[in-house]
Amino acid sequence: MSTTAYLVEADGGSRGNPGPAGYGAVVMDARDRQVLAEAAEAIGVATNNVAEYRGLIAGLSSVLDLGGEGATVEVRMDSKLVIEQMAGRWKIKNEGLRPLAIEAQALVRRLRVTGWTWIPRERNKHADRLANEAMDAAAKGLAWKAGGTTAGLAASDRPTGPYAPTLDTPPSDRVSQGAASQGLVGGSASGVSDARRGEQTDLLDLSAPSASLVTAQQTKGTGWGPATRVATSLLLLRHGETPLSAERRFSGLGDPELTPNGLAQADAAARRLSAPPYRIDVVVSSPLKRARRTAQAVAGSVGLDVEVDEDLRETDFGAWEGHTFTEIQRRWPTELAAWLADPTVAPPQGESFVEVARRVEAARDRLVERYEGRTVLVVSHVTPIKTLLRLALLAPPEALYRMHLDLACLSLIDFYADGPAVVKSFNDISHLR
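Residues numbered from 1 in each chain as written. Predicted model: local features only at pLDDT ≥ 70, side-chain atom pairs only at ≥ 80, totals over all residues. Heavy atoms only, no water.

A. Representation of the overall build of the chain. Helix and strand content of the chain: 13 helices and 13 strands. Out of the 433 residues belonging to the chain, those deemed buried represent 52%. For the chain, contacts bridging at least 24 residues in sequence account for 69% of all contacts bridging at least 6. Working note: accessible area of the chain is about 19200 Å², and carbon and sulfur atoms make up 51% of it. (Helix = DSSP H or I, 4+ residues; strand = E, 2+ residues; numbered from the N terminus. Buried < 20%, exposed > 50% of the residue type's maximum accessible area, 1.4 Å probe, protein only. Contact = heavy atoms within 4.5 Å. Areas by Shrake-Rupley, 256 points an atom, 1.4 Å probe, with all protein chains shown as cover.)

B. Structural view of the pattern of salt bridges. Inspection of every chain in the model, using the stated rule, returns 22 salt bridges. Glu247 is paired through a salt bridge with Arg249; the nearest N and O atoms lie 2.8 Å apart. Residue Glu247 is classed as partly exposed on the basis of its relative accessible area, which comes to 49%. Glu361 is the salt-bridge partner of Arg364, the closest N and O atoms lying 3.3 Å from each other. With a gap of three residues between them, Arg364 and Glu361 both fall in helix H12 (residues 353–370), about one helical turn apart. Overlapping salt bridges bring together Asp309, Asp311, Arg313 and Arg366 as one network. (Salt bridge = Lys/Arg side-chain N within 4 Å of Asp/Glu carboxyl O.)

C. View of the sheet that holds strand S5 (residues 112–118). Spatially, five strands are ordered S3-S2-S1-S4-S5 in an open sheet, and the strand pairing comes out mixed. Because the sheet does not close on itself, it has two edges, and the strands there are strand S3 (35–46) and S5. When the angles between neighbouring strand axes are averaged without regard to direction, this sheet yields 20°. Sheet analysis places strand S4 (residues 72–77) next to S5, joined by six bridges and oriented parallel. (Pairing = 2+ DSSP bridges. Axes fitted to C-alpha atoms, helices over the stretch in contact; angles between N-to-C directions.)

D. Inspection of the sheet that holds strand S9 (residues 282–285) at higher detail. Here six strands make up an open sheet; going across it, the order is S10-S9-S11-S8-S12-S13 and the pairing mixed. Edge positions in the sheet fall to strand S10 (306–308) and strand S13 (421–428), since each has one partner strand and no second. When the angles between neighbouring strand axes are averaged without regard to direction, this sheet yields 20°. In this sheet, S13 lies alongside strand S12 (residues 410–416) in antiparallel orientation, the contact comprising five bridges. The residue bridging Leu410 from the neighbouring strand is Asp428, located in S13. In this fold helix H8 (residues 260–273) packs onto strand S8 (231–238), strand S11 (375–380), S12 and S13, with an angle of close to 155° to the strand it touches most, S8. With respect to the sheet, helix H13 (residues 382–392) is in contact with S8, S11, S12 and S13, its orientation differing from that of S8 by roughly 150°.

E. Fine view of the packing of aromatic side chains. Enumeration over the complete set of coordinates arrives at eight aromatic pairs. Ring geometry for Phe250 and Phe317: centres 5.1 Å apart, planes at 80°, overall edge-to-face. A residue pair is termed long-range when its members are at least 10 positions apart, and Phe250 in the loop between helix H7 (243–246) and H8 and Phe317 in the loop between S10 and helix H10 (325–331) qualify at 67 residues. Take Phe317: its relative accessible area is 7%, and that puts it in the buried class. For the pair Phe250 and Trp320, a centre-to-centre distance of 6.0 Å together with 85° between the ring planes defines the contact as edge-to-face. Taken together, the positions of Phe250 in the loop between H7 and H8 and Trp320 in the loop between S10 and H10 put the pair 70 residues apart, joining distant regions of the chain. On the accessibility criterion, Trp320 (0% relative accessible area) is buried. Here a set of aromatic residues connected by ring pairs shows up, and it is made of Phe250, Phe317, Trp320, Trp332, Trp339, Phe353 and Tyr401. (Phe/Tyr/Trp six-rings, centres within 6.5 Å; stacked < 30°, edge-to-face > 60°.)

F. Seen up close, H8. An ideal rise of 1.5 Å per residue puts 20 Å on 14 residues; H8 measures up with 20 Å between its terminal C-alpha atoms. Turning to H8, its buried residues are Gly262, Gln265, Ala266, Ala268, Ala269, Ala270, Arg272 and Leu273. Residues of H8 that are buried sit in contact with S8, helix H9 (289–302), S11, S12 and S13. (Expected span 1.5 Å × (residues − 1).)

G. Structural view of H12. Relative to the 26 Å expected for 18 residues at 1.5 Å per residue, H12 spans 25 Å between its end C-alpha atoms, a close match to the ideal helical length. Taken together, the buried residues of H12 touch S8, S9, helix H11 (333–341), S11, H13 and S12.

Shown next, in the form of structure tokens:
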């Protein structure tokens, strides 16, 4: 016979990811599933994962109120990310989620959690409904009311139409534009179960605050506000061709110029990036000539100066600089095998991919903080660009060996204020055709 006294089912959603968000949690008697408590709240602009953690915290707090210290509870959610992180099987890599996880863990220490259980979305409808009720209420300028209704909102006034949240909308119609930001690599269940939360809504026109929006801003706890551009975009451009790249030679801190073909590639990128829909606010380059010359072509076309960031330079390949892969394989077979097998290994007198990642991550953090909400063109090299993409995907260092970037290619990463990053394009060379 189970000794678990309570069941918590929790959920959270974001209409935009990030966008207007809310959570829901229900506490039930573990023996007969009688509903003992419900909690829901709109939390302003946030991501799916933030809302899900807030739902978990609300559910655990309700159990503590009901059963006191040491109460036994099983937690069930359709967020694979939250369940696996709270169970200790996945690391918390998103620093924006860490404070919420710490808050939840503090509650867990006061209770006795008998299980962390992932359930499919269709079995989490109660908590999902509560989260949507809270978001619907906030869009009307109202606060959610316990008991499954919203304060002052009659059933006949609830949102209807093609964008109204429903439980029976097909999953294929609910795919989030931010599904790649779930912090998972390799097709995790979280990206599937959470996908429906990014649906767009016409319940609130954030471009022009209305009376209901003003009321919502005055409602304690909703956090609703006018639209802000929360994404900081890093548009990543690899430099054009050099004599070394044309001959497929290792090219790190050596400083070759662009070839005539490389200059043409830089000009092609400049033409593309100076036309709509692009609107570049800042141009930042590696200090190496091949990157700076490519950056200058674009900066000149959009009327900007080029800033230089030393941390965006290419890997130091040490003794391998200027050699082909075949030459290295013949002269340094043991060292090459170790380098290919382990990203912590450096070429002789060179720099490892892990060391590169430390400085590239520092450069990224500076740019995202300094140019919040703007589009930054970053002109760099194969390894730094691959590293930025890998970090955005939360992929391991070994993922570098599984990426290919062409000369003068474009990739795009959007960074959001509360942590997640979304890779929106990769190795785009359509401007070179």
